[in-house]
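Structural characterization, general
For reference, the chains in residue letters:
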There are 2 protein chains.
Amino acid sequence: MINITFPDGAVRQYEKGISALDIAKSISEGLARKVLAASVNGQVWDASRSINEDSSLKLLTWTDPEGKNTFWHSSAHLMAEAVEALYPGVKFWVGPALDNGFYYDMDLGDRKMAEEDLLALEKKMNELAKKNSEYKRQEISKPEAIQYFNEKNDAYKLDLLQGLFDGEITFYTQGGFTDLCRGPHIPHTGFIKAIKLTNIAGAYWKGDEKNKMLTRLYGVTFPSQKELDEHLLMLEEAKKRDHRKLGKELGIYTMDDDVGQGLIMWMPNGTVIIEELEKLAKETELEAGYKRVVTPHIAKENMYITSGHLPYYADSMYPPMEIDGERYYLKSMNCPHHHKIYAAEPKSYRDLPYRLAEYGTVYRYEQSGELFGLMRVRCLHMNDAHIYCTKEQFNDEFRAVNDMYLKYFKIFGIDKYVMRLSLHSPDKLGIKYVNEPELWKETETMVRNVLTESNIPFVEVKDEAAFYGPKIDVQIYSAIGREFTLATNQVDFSQGRSFKLEYTAHDNKAETPLIIHRAPLGTHERFIGFLLEQYAGKFPVWLAPIQVKILPISDKFQDYGKTVSQKLKKADIRAEVDDRNEKIGKKIRDTELLKIPYMLVIGEKEMNEGKVAVRRQGKGDLGVMDLDEFVEKIKTEIRDRSSEELAAAK
Amino acid sequence: MINITFPDGAVRQYEKGISALDIAKSISEGLARKVLAASVNGQVWDASRSINEDSSLKLLTWTDPEGKNTFWHSSAHLMAEAVEALYPGVKFWVGPALDNGFYYDMDLGDRKMAEEDLLALEKKMNELAKKNSEYKRQEISKPEAIQYFNEKNDAYKLDLLQGLFDGEITFYTQGGFTDLCRGPHIPHTGFIKAIKLTNIAGAYWKGDEKNKMLTRLYGVTFPSQKELDEHLLMLEEAKKRDHRKLGKELGIYTMDDDVGQGLIMWMPNGTVIIEELEKLAKETELEAGYKRVVTPHIAKENMYITSGHLPYYADSMYPPMEIDGERYYLKSMNCPHHHKIYAAEPKSYRDLPYRLAEYGTVYRYEQSGELFGLMRVRCLHMNDAHIYCTKEQFNDEFRAVNDMYLKYFKIFGIDKYVMRLSLHSPDKLGIKYVNEPELWKETETMVRNVLTESNIPFVEVKDEAAFYGPKIDVQIYSAIGREFTLATNQVDFSQGRSFKLEYTAHDNKAETPLIIHRAPLGTHERFIGFLLEQYAGKFPVWLAPIQVKILPISDKFQDYGKTVSQKLKKADIRAEVDDRNEKIGKKIRDTELLKIPYMLVIGEKEMNEGKVAVRRQGKGDLGVMDLDEFVEKIKTEIRDRSSEELAAAK
């Protein structure tokens, strides 16, 4: 018998050689029907594979990222089986799972595949799926594997085999299709109930444009038709909410070839949003006891050697400029400058925690192929701060930062989020991570404890820490369910020592502070990109670049329009008059398209009685109000940063 | 007879060969006693030199910069005469006038000069000055000049002669001292009534450290003892108000070798001032119809070739960074980025004037020897904006900008200022200035007309324009009378065309807008440096980093202190509690040193009655008030941006 430990800590005994699937069946048939794979001692395995020793076990279903991943990788095999059926002689390269689906690269020889061929392929896949063919795992020697693909005349798989060693090679077979594959896979094809092939593209073999162009076929699959339908609806909605499209239509940002790739220029409407976000951050941080600073965008090479950015972060930095015989770098992070401000005046324990905040602009080199709208850029305006504290203060400070995240989530209507605790990897100490094994353990434990104590949902990920300490990446989901990695919260036990930062402790001894790096609103670039999708461009009033448009029904009421506009501006409301000589219907339609929250229609009656006829974007007529009453109402909505609009946008 | 044209346009006839001094005498003996030199056809001459043809004439006195300059240069000769009397055989190099005085570089051989020797020198100078020795001009041939200094065995003057041509060499002699000199000089030494030798320093011959170290002797002189006394008082006050000293004491800014020279890091207290200034600018600009933008700090080389910054401004730019095979530059001005935002959406006459504002951060290369505190830096946060307008709109827009300057001057208690209209120089078209002679004339006239119509005091200066058009430099004087060049207001007829900026005019034709570049608050660096001196660090309440310090007279009242502090913070007042275990006297003294405007002393009586005992920095006790009353009072003072404190600081 072997001992199996479950995630809740329970231990049960089973026969040696039992599979995860059998264990699931022993619990309930219903559960077994959902099991896609299993995590055995932290490794993802086929659910049908035998377990021969005491192990920890987690059954993986569709709700686990690893479960989805396995599902989609198996779907790629199913797609390959269908392609081979319809395009005999096709050769396959690799077919991985993606964040949202899968693809397979293939060599169709002289044949072409077009959009209209996808329907037939989907049909074939559905047909094969219904056969409930098992994914069979087979360990195989390298000579046998070579012989198999030699016979198949498959140069691509032979090329893959070159990099593999005897003893680590496995084949997977479902139905009539066999592939060289590390696995794992789902139990059988019957799990795949809904299939959509989404795209055909070209892809150079091994990504090298000197090589042959292969056909890359993309697809996505689900355990039910309902989930596929929802996914397709989400994609359609995401297209409408595309931040690049909305960003242009609403005058939020622009880019220019003469300025350079990935360098956003914020237009007047985007700048209003920036300033409202900064106002929110400043208010919040002032209340939380932060002090603000402003630092330059460059510094000498030596500072980045001290900080460790050179060499650990060098690939993400811009190349240096040489001035007066010294090398200056554009900053990629604000921390070293903040450390210098910390060090500018002597500190005692009375000064700690010392919290320095700056909406700092940093420059990071990203490959031009990776740049994407506001999501991947080279110039980032970051909601940055550094908290210098004692070990005793760490828990409270780290928790306060987490609370600040949650406060912001509420304001922006973010109700789904996950925190990823990124840990170091011991084998990369001194390469990717500062070489302090004990401090890594200690700080990782501290962070884990705070998260556990605060009941915040989190997952742990190895080998994704910052070079100076563990970090939390915050992943949020937009109103249409898309995932964004937004913000980080990092612990740093390294730079305080590198920069010789000190404070005088109670016992008069010099101590090094711990440093928390945090950026709850992330960067303006990514966060405003997220907000464009979140609100579909229909910003809540407090964020809307123009909050009120005044629409006189004819030229006769332009003067009253100006009076109304002046009154609103005096109350700090962003208002404009539509003074064009257009019909009121067209004025309303145009304003709706610009997604301006409020329209005030004014004519004879409104002018004579000092009133306004109020329309809400997307909701229509709200009736006639005294101008003063409207001003009070909208001022309250702005002051409360009400996101009532979010419901309407959904 | 010749015709002499005076500055007011009047023309009078005089005998050929008459001197400016004689003309002054013919007007009044009192005037003649003040004439130091004369501007004849735009060239500064000895007042005693003969005028032989029809000329324009301006008599120069102490109130003219050229008059002062001549006075101080003549004082350098007087000093040299005194040095030669006390140190026979001394050799002189050059002795120019400075902005505030003069110096002479000299080779004393084996002798040394020390501080205590200056009194004897001053005495000698006074003695020589009283002789009323005339400064006699003598045109001399190069061989004769060489012979003179050969006989004197003066290698320095012989070296200077090498660079001069026959026909342009003049000697000046006063009393027993003769010098090779271009002139001009004041009529006689008797004008120099008050003398102060200020400093002795070493200076390498020709500024080259491989050469011999000469002695540089500094002095300053005045036409009356009263003016010297005032000057010395101002220097003493300037020392107390030194922005570098106050900047450190008050935690305003810091610099660090690892970051780099001329790169200011704004500490928490300085950042409060930055944010208050930006708030003022944003409010003012919003009301004036500006839109705000945010742009990156770098752009590709090509953009700066289009703008003309390369080559016209290349010397002031940082060297390029090469990314993806292209050269990127740190921006030295914000204009090109703003032009790109203008161009991002099509414009019609209805969109103009289009005003884009940004507190933009620019980088300018200054020689490290030129860097000085906040006054000469390499990273500048500029109160920048660009106004795109039609020719018809230019007058109103340019005047509105001037009015904005005056509004700011009032807020900051700047009651003395001069605008310098900087014009191009026709012989540098195509070299230093864009080659558009007609447009230069036209725009210079437009600007001159606005200034004249607005009754703004201004002087005209040739060859100091921006490369793209005429500009106004605004010079202001601090509370102790020191001059600062603060801000500029520039016209640009060139970049609109280079960037192909357009708007559709009434007649549907595409037109190029005129551009006004303006920066009324200059840069944070220079303006905050100015304000430190202006207020002697005693900022008015709205600008003060900490507005109120709460001083409990003993630990018993700490809780009430916190209550008071919370109440103030809720009212957006920057308050701190002095919770140290110190005597109240020490707490008051320490707070006075930090120049915090208000102190609230609290004890038993205050706590029981909900009151505070108010002290004003530098003024003492203002009596006991209800806390609510104090909050209202200080809120009003903050809202009004009252600069009452200025009077107290003077």
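Residues numbered from 1 in each chain as written. Chains lettered and ligands numbered in written order. Predicted model: local features only at pLDDT ≥ 70, side-chain atom pairs only at ≥ 80, totals over all residues. Heavy atoms only, no water.

**Quick notes on the overall build of chain A**
Across its full length, chain A carries 21 helices and 35 strands. Expressed along its principal axes, the backbone C-alpha trace of chain A runs to roughly 90 × 75 × 55 Å. Residues counted as buried form 55% of the 650 residues belonging to chain A. Here the contacts in chain A between residues at least 6 apart in sequence split such that 68% fall between residues at least 24 apart. Mean positive and mean negative side-chain charge positions of chain A (90 and 101 charges, respectively) differ by 3 Å. (Helix = DSSP H or I, 4+ residues; strand = E, 2+ residues; numbered from the N terminus. Buried < 20%, exposed > 50% of the residue type's maximum accessible area, 1.4 Å probe, protein only. Contact = heavy atoms within 4.5 Å. Lys, Arg positive; Asp, Glu negative; His and termini not counted. Charge placed at Lys NZ, Arg CZ, Asp CG, Glu CD.)

**Side note on the interface of chain A and chain B**
Between chain A and chain B, the contact holds 57 residues from the first and 57 residues from the second. For the pair chain A and chain B, the summed buried area comes to about 4600 Å², and 60% of that belongs to carbon and sulfur atoms. Across the contact surface, chain A and chain B share 12 salt bridges. For R350 of chain A, the salt bridge identified is with D579 of chain B, shortest N-O distance 3.1 Å. Linking chain A with chain B are 31 residue pairs in polar contact (both at pLDDT 80 or more), by the criterion used here. No other element matches the five residues that helix α9 (residues 268-287) of chain A contributes to the side of chain A that touches chain B. For the side of chain A that touches chain B, the residue count by class is 28 nonpolar, 12 polar and 17 charged. (Buried area = accessible area lost by both parts, 1.4 Å probe. Salt bridge = Lys/Arg side-chain N within 4 Å of Asp/Glu carboxyl O. Polar contact = N/O pair within 3.5 Å; in protein donor to acceptor, adjacent residues only side chain to side chain. Nonpolar A, V, L, I, M, F, W, Y, C, P; charged D, E, K, R; others polar.)

**What to know about the pairing of strand β13 (residues 177-180) of chain B**
Residues and elements named next belong to chain B. Of the two faces of β13, the one holding F177 and D179 and the one holding T178 and L180 are both buried throughout. Sheet topology note: the strand β12 (residues 170-174)/β13 ladder contains four bridges and is antiparallel. Bridged to Y172 within β13 is D179. (Pairing = 2+ DSSP bridges.)

**What to know about the environment of Q558 of chain A**
Here Q558 of chain A lies in helix α17 (residues 558-570). Here Q558 of chain A is in contact with P552, V577, D578, D579 and R580 of chain A, once residues within four sequence places are set aside.

**Comments concerning the nonpolar core**
In this structure, F412 of chain A together with F412 of chain B are the most contacted members of the largest nonpolar core, which totals 234 residues. Counting residues in hydrophobic clusters, the runner-up holds 38 residues, among them L78, M79, F102 and I186 of chain B. (Core = buried A, V, L, I, M, F, W, Y, C linked by side-chain atoms within 4.5 Å.)

**Observations concerning the domain arrangement of chain A**
According to the domain assignment, chain A contains domain 1 (2-61), domain 2 (66-240), domain 3 (270-296 + 331-534) and domain 4 (548-649). Look at where the C-alpha atoms of domain 2 of chain A and domain 3 of chain A centre, and you get two points 40 Å apart. (Domains from an automatic or database assignment.)

**A closer look at the sheet that holds strand β7 (residues 55-60) of chain A**
Residue and element names in this part refer to chain A. The strand order across the open sheet built from five strands is β2-β1-β7-β4-β5, with neighbouring strands paired in mixed fashion. In this open sheet, the two strands that pair with only one neighbour each are β2 (11-14) and β5 (43-45). Taken pair by pair, the neighbouring strands of this sheet meet at an average axis angle of 35°, ignoring direction. The pairing of strand β1 (residues 2-5) with β2 spans four bridges and is antiparallel. Bridged to N3 within β2 is Q13. Set on the sheet, helix α1 (residues 20-27) makes contact with β1, β2, β4 (37-40) and β7; between it and β7 the angle comes to about 75°. (Axes fitted to C-alpha atoms, helices over the stretch in contact; angles between N-to-C directions.)

**So, the relation of the copies chain A and chain B**
Of the transformation superimposing chain A on chain B, the axial component is 0.1 Å and the angular component is 179°, with the fit at an RMSD of 0.5 Å. Here the transformation between the copies is reduced to the relation of a two-fold axis. Taking C-alpha positions as reference, the residue of chain A nearest the rotation axis is M321 of chain A, located at 3.0 Å. Take the interface residues of chain A: 100% of them recur as interface residues in chain B, which is what a same-surface contact looks like. (Least-squares fit on C-alpha atoms with pLDDT ≥ 70 in both.)

**A word on the packing of α17 of chain A against helix α20 (residues 627-639) of chain A**
Residues and elements named next belong to chain A. Where α17 contacts α20, the two axes come as close as 11 Å, and the packing angle between them is 35°. In the packing of α17 onto α20, the handedness of the crossing is right-handed. Here V564, K567 and L568 of α17 come into contact with α20, specifically with L627, D628, F630 and V631. Class assignment for the residues of the contact of α17 with α20 results in five nonpolar, no polar and two charged. (Left-handed = near helix turned anticlockwise from the far one by under 90°.)

**Quick look at the packing of aromatic side chains**
Under the counting rule described, the total for this entry stands at 66 aromatic pairs over all chains. Ring centres of Y304 of chain B and Y329 of chain B lie 6.4 Å apart, and the angle between their planes is 75°; on these two criteria the pair is classed as edge-to-face. Note that Y304 of chain B is positioned in helix α10 (residues 301-307) and Y329 of chain B in strand β21 (residues 326-330), a separation of 25 residues in sequence. Comparing Y304 of chain B with Y329 of chain B shows no difference in burial state: the two are buried. Seen in terms of ring centroids, Y342 of chain B and Y354 of chain B are 5.8 Å apart; in terms of plane orientation they differ by 75°. Their pairing is edge-to-face. Of this pair, Y342 of chain B sits in helix α12 (residues 335-344) while Y354 of chain B sits in strand β22 (residues 354-363), placing them 12 residues apart in sequence. Take Y342 of chain B and Y354 of chain B: they sit in the same class, and that class is buried. Linked through ring pairs, F412, F484, F527, F530 and W542 of chain A together constitute an aromatic cluster. The aromatic ring of Y103 of chain A is capped on one face by R216 of chain A, whose charged end is 3.9 Å from the ring centroid. Across from the ring centre of W45 of chain B, 4.0 Å away, lies the NZ or CZ of R49 of chain B, which sits over that ring. (Phe/Tyr/Trp six-rings, centres within 6.5 Å; stacked < 30°, edge-to-face > 60°. Lys NZ or Arg CZ within 6 Å of the ring centre and 35° of its normal.)

**A word on the pairing of strand β10 (residues 101-107) of chain A**
All names here are of chain A. Of all the seven residues making up β10, seven are buried; the element is thus mostly covered by neighbouring parts of the structure. What you see with β10 is no split at all: G101, Y103, D105 and D107 on one side and F102, Y104 and M106 on the other are buried throughout. Relative to β10, strand β8 (residues 91-92) runs antiparallel, the two being bridged by two bridges. Its bridge partner lying in β10, F92 is registered against M106. Looking at chain direction, strand β9 (residues 97-98) and β10 are connected through two bridges and run antiparallel. Bridge assignment links L98 to a residue of β10, and that residue is G101. Between β9 and β10, which pair antiparallel in sequence order, lie two residues. The pairing of β10 with strand β15 (residues 213-222) spans five bridges and is classified as antiparallel. Residue pairing for β15: F102 is matched across the bridge by G219.

**Concerning empty space enclosed by the protein**
On inspection of all chains with the given rule, the structure shows five cavities of 30 Å³ or more. Quantified by volume, the largest cavity comes out at close to 610 Å³. Contributing to the lining of the largest cavity are 31 residues, with E278, Y359 and T361 of chain A together with E278 and Y359 of chain B lying nearest its centre. Looking at the lining of the largest cavity, the elements with two or more residues in it are α9 and β22 (354-363) of chain A together with α9 (268-287) and β22 of chain B. For the lining of the largest cavity, the element with the most residues is α9 of chain A, which contributes five residues. (1 Å grid on protein atoms, 1.4 Å probe; cavity = no way out; pocket = protein on both sides within 12 Å on 5 of 7 lines; lining within 4 Å. Points joined across faces, edges and corners; volume = space filled by probe spheres on them.)

**Observations regarding helix α13 (residues 391-411) of chain A**
Residue and element names in this part refer to chain A. Spanning 21 residues, α13 covers 31 Å between terminal C-alpha atoms, matching the ideal 30 Å at 1.5 Å per step. Every buried residue of α13 is accounted for by F394, E397, F398, V401, N402, M404, Y405, Y408, F409 and I411. Where α13 terminates, the next one or two residues include G413, which has phi positive at roughly 65°. (Expected span 1.5 Å × (residues − 1).)

**Brief notes about the sheet that holds strand β20 (residues 321-323) of chain B**
All names here are of chain B. In spatial order, the strands read β19-β21-β20; together these three strands make up an open sheet with antiparallel pairing. The outermost strands of the open sheet, each flanked by one partner alone, are β19 (298-300) and β20. Strand-to-strand twist of the sheet, defined as the mean angle between neighbouring strand axes without regard to direction, takes the value 40°. Pairing between β19 and β21: three bridges, direction antiparallel. Directly across from A299, in β21, lies its bridge partner Y329.

**Topic: the side chain of Q174 of chain B**
Residues and elements named next belong to chain B. With respect to the secondary-structure elements, Q174 resides in strand β12. Given the relative accessible area of 1%, Q174 is considered buried. From its side chain, Q174 meets the backbone oxygen of H77 in a polar contact 3.1 Å long. Once you skip the residues sitting within four places of it in the chain, Q174 turns out to touch H77, L78, E81, S133, E134, Y135 and T189.

**A short note on the side chain of R420 of chain B**
Relative to the helices and strands, R420 of chain B is located in strand β24 (residues 417-422). Those residues in contact with R420 of chain B, other than ones at most four positions away along the chain, are V459, V461, E464, K471, I472, D473 and Q475 of chain B.

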